[in-house]
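Survey of secondary and tertiary structure
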Amino acid sequence: MKTIKAEYIWLDGQKPTAELRSKTKIIEGPVTKLAQIPDWGFDGSSTEQAEGRFSDCALKPVSFFPDPLREEGDILVMCEVMHADGSVHESNSRARLRKIAKKYASAAPWFGIEQEYTLFRDGKPLGFPEKGFPAPQGPYYCGVGAHHIFGRELVEDHLEASLRAGLKVSGVNAEVMPGQWEFQIGPLGPLEVADQLWLGRWLLHQLGEEYGISVTLSPKPVQGDWNGAGGHVNFSTKAMRKPGGIKAVEAACKKLERKHQDHIEVYGAGNEKRLTGKHETCSIHEFRFGVSDRGASIRIPMSTAQKKSGYLEDRRPAANMDPYKVCARLIETVCGK
Ligand code: ADP
Ligand code: MN
Ligand code: MN
Ligand code: MN
């Protein structure tokens, strides 16, 4: 027996965009299974999840990972928010994904999410001069050198921490605007990818504290001729992945076309500033899909077109989307009738 630090992490009740909250509980370790982690609670009146008079909300642990920022044995605990009586809280978007994932489990949906983000210091993106603007976009994406790249130490620390936490990161890259970066999680099932994306975000925010750098998931952090930040969702089902699955990919695109507006509603607040039809996006008012088309709503990757099976990339979600809501919406549209 040894006590450990468990960092309980949850989503708050802010609208339209929930933010991460966390606090530490000292518990008995070592923890090897979820059932060993006690339920906990917090003051919902400080997180827009309760009125002052009945302010207790409950935290129900749903997954846990080694905490890469503390000692061996310490853990990060992803939680769902419940009412004190154990019923699901309105802000708990994961509970709904849980139901939908179960209902459509036989379709075996996989997700790979690309999380773009922008690093800020003193109210400006890293790489932006005191006054005015840096040189136009072009050389920054996947660039190298101090004249093109800003914040790599934090990005490297974050990658290392994510891997040590056991997150299934598939890669990282510098993005089109200076100070903008991306990491990808997946492919994984819906609950796994969404929990891991939220934890990846949490690690990034926390590591940013050490550098005095704040991370924004704003879909359009700088107005004008600067790329926005997206949260592309790569999606497949068992039917898409098997030989000849391209038919299922195309059928999915047609279903997605009919539900365009329902999807936009959960694809992130302020996304209309990003989905303009410029900067590698399709207008928020249109729906188009195409092979290798980075100006489409849905891109069918070249590899999928060539192999005639694989996955599709939904390019519409913004960087600030809630992956619980987005994964649920995609499964319902594509796997529903
Ligand atoms: P892009 O070319 O759009 O920048 P990335 O390489 O950044 O693409 O991200 C692609 C994501 O798709 C990765 O997270 C990868 O794991 C994921 N992916 C690969 N195959 C599948 C699949 N069959 N289903 C869902 N996601 C997948
Ligand atoms: Mn990418
Ligand atoms: Mn990108
Ligand atoms: Mn992409």
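Residues numbered from 1 in each chain as written. Chains lettered and ligands numbered in written order. Predicted model: local features only at pLDDT ≥ 70, side-chain atom pairs only at ≥ 80, totals over all residues. Heavy atoms only, no water.

Glancing now at the sheet that holds strand β4 (residues 56-66). Spatially, β2-β1-β5-β4-β3 is the arrangement adopted by the five strands of the open sheet, whose pairing is mixed. Both outer strands of the open sheet, β2 (20-29) and β3 (40-43), are each paired with one neighbouring strand and no more. Neighbouring strand axes in the sheet, compared pairwise and without regard to direction, differ in orientation by 40 degrees on average. Sheet strands touched by helix α1 (residues 93-103): β1 (2-11), β4 and β5 (75-83). Its angle to β5, the strand with the most contacts, is close to 95 degrees. (Pairing = 2+ DSSP bridges. Helix = DSSP H or I, 4+ residues; strand = E, 2+ residues; numbered from the N terminus. Axes fitted to C-alpha atoms, helices over the stretch in contact; angles between N-to-C directions. Contact = heavy atoms within 4.5 Å.)

Further remarks concern the domain arrangement of the chain. The domain boundaries assigned to the chain delineate domain 1 (2-91) and domain 2 (101-335). The C-alpha centroid of domain 2 is placed 26 Å from the C-alpha centroid of domain 1. Each side of the interface is counted separately: domain 1 has 16 residues, and domain 2 has 19 residues. For the pair domain 1 and domain 2, the two sides together bury roughly 1,500 Å², of which 77% comes from carbon and sulfur. Interface area lost by domain 1 to domain 2 is led by F65, P68 and L69, which between them contribute 36%. In this assembly, domain 1 and domain 2 are joined by zero salt bridges. Where domain 1 packs against domain 2, one counts three residue pairs in polar contact (both at pLDDT 80 or more). (Domains from an automatic or database assignment. Buried area = accessible area lost by both parts, 1.4 Å probe. Salt bridge = Lys/Arg side-chain N within 4 Å of Asp/Glu carboxyl O. Polar contact = N/O pair within 3.5 Å; in protein donor to acceptor, adjacent residues only side chain to side chain.)

Looking at the largest pocket, its volume works out to about 470 Å³. Q14, K15, P16, A18 and K325 are the residues nearest the centre of the largest pocket, which is lined by 24 residues in total. Each of domain 1 (2-91) and domain 2 (101-335) accounts for three or more of the residues forming the lining of the largest pocket. One number sums up the size of the second largest pocket: a volume of about 390 Å³. Around the second largest pocket sit 21 residues that line it, and E116, E175, H232, E280 and R294 are the ones nearest its centre. Taken together, the elements giving at least two residues each to the lining of the second largest pocket come down to β6 (110-121) and β9 (180-188). Considered class by class, the residues forming the lining of the second largest pocket number three nonpolar, eight polar and 10 charged. (1 Å grid on protein atoms, 1.4 Å probe; cavity = no way out; pocket = protein on both sides within 12 Å on 5 of 7 lines; lining within 4 Å. Points joined across faces, edges and corners; volume = space filled by probe spheres on them. Nonpolar A, V, L, I, M, F, W, Y, C, P; charged D, E, K, R; others polar.)

Every one of the 17 residues lining ligand 1 counts as a neighbour, but E182, P187, S236, R299 and E313 are closest to it. In the model, an oxygen atom of ligand 1 is placed 3.1 Å from a nitrogen or oxygen of the E114 side chain. Here an oxygen atom of ligand 1 and a side-chain polar atom of R299 are 2.9 Å apart. Summarising the interface, the protein chains cover 76% of the accessible area of ligand 1, which totals 590 Å² for the free molecule. Among the elements of the structure, β6, β9 and β11 (233-236) are those that each provide at least two residues to the shell around ligand 1. Examining the composition of the shell around ligand 1, we find that five residues originate from one element, β9, more than from any other. (Near = heavy atom within 4 Å. Areas by Shrake-Rupley, 256 points an atom, 1.4 Å probe, with all protein chains shown as cover.)

Moving on to the coordination of the manganese ion (ligand 4). Protein coordination at the manganese ion (ligand 4) comes from E114 (OE), E114 (OE), H232 (ND1) and E313 (OE), with a distance range of 1.9 to 2.4 Å. Counting along the primary sequence, the residues that act as donors to the manganese ion (ligand 4) give the motif E-x117-H-x80-E. Separating the manganese ion (ligand 4) from the manganese ion (ligand 2) is a gap of 3.9 Å, which E114 spans by donating to each of them. In this pair, E114 is assigned in strand β6 and E313 in strand β14 (residues 312-314), connecting sequence segments 199 residues apart. With respect to burial, E114 and E313 carry one shared label: buried. (Donors = N, O, S within 2.8 Å, 3.2 Å for Na, K, Ca; no water. Buried < 20%, exposed > 50% of the residue type's maximum accessible area, 1.4 Å probe, protein only.)

Where helix α5 (residues 246-258) contacts helix α8 (residues 323-335), the two axes come as close as 8 Å, and the packing angle between them is 110 degrees. In terms of their interaxial angle, α5 and α8 are classed as roughly perpendicular. Of the two possible hands of crossing, α5 and α8 adopt the one that is right-handed. Between α5 and α8, the residues in contact are A252, K255 and L256 and L330, T333 and V334, respectively. When the residues that make up the contact of α5 with α8 are grouped by side-chain class, the tally is four nonpolar, one polar and one charged. (Parallel < 35°, antiparallel > 145°, perpendicular 65-115°, else oblique. Left-handed = near helix turned anticlockwise from the far one by under 90°.)

Bringing the coordination of the manganese ion (ligand 2) into the picture now. For the manganese ion (ligand 2), every protein donor is listed as E114 (OE) and E182 (OE), and the spread of their distances is 2.2 to 2.3 Å. Taken as an interatomic distance, the gap from the manganese ion (ligand 2) to the manganese ion (ligand 3) is 3.8 Å; E182 donates to each of them. With a gap of 68 residues between them, E114 in strand β6 and E182 in strand β9 connect regions that are remote in the sequence. Residue E114 shares its accessibility class with E182, and that shared class is buried.

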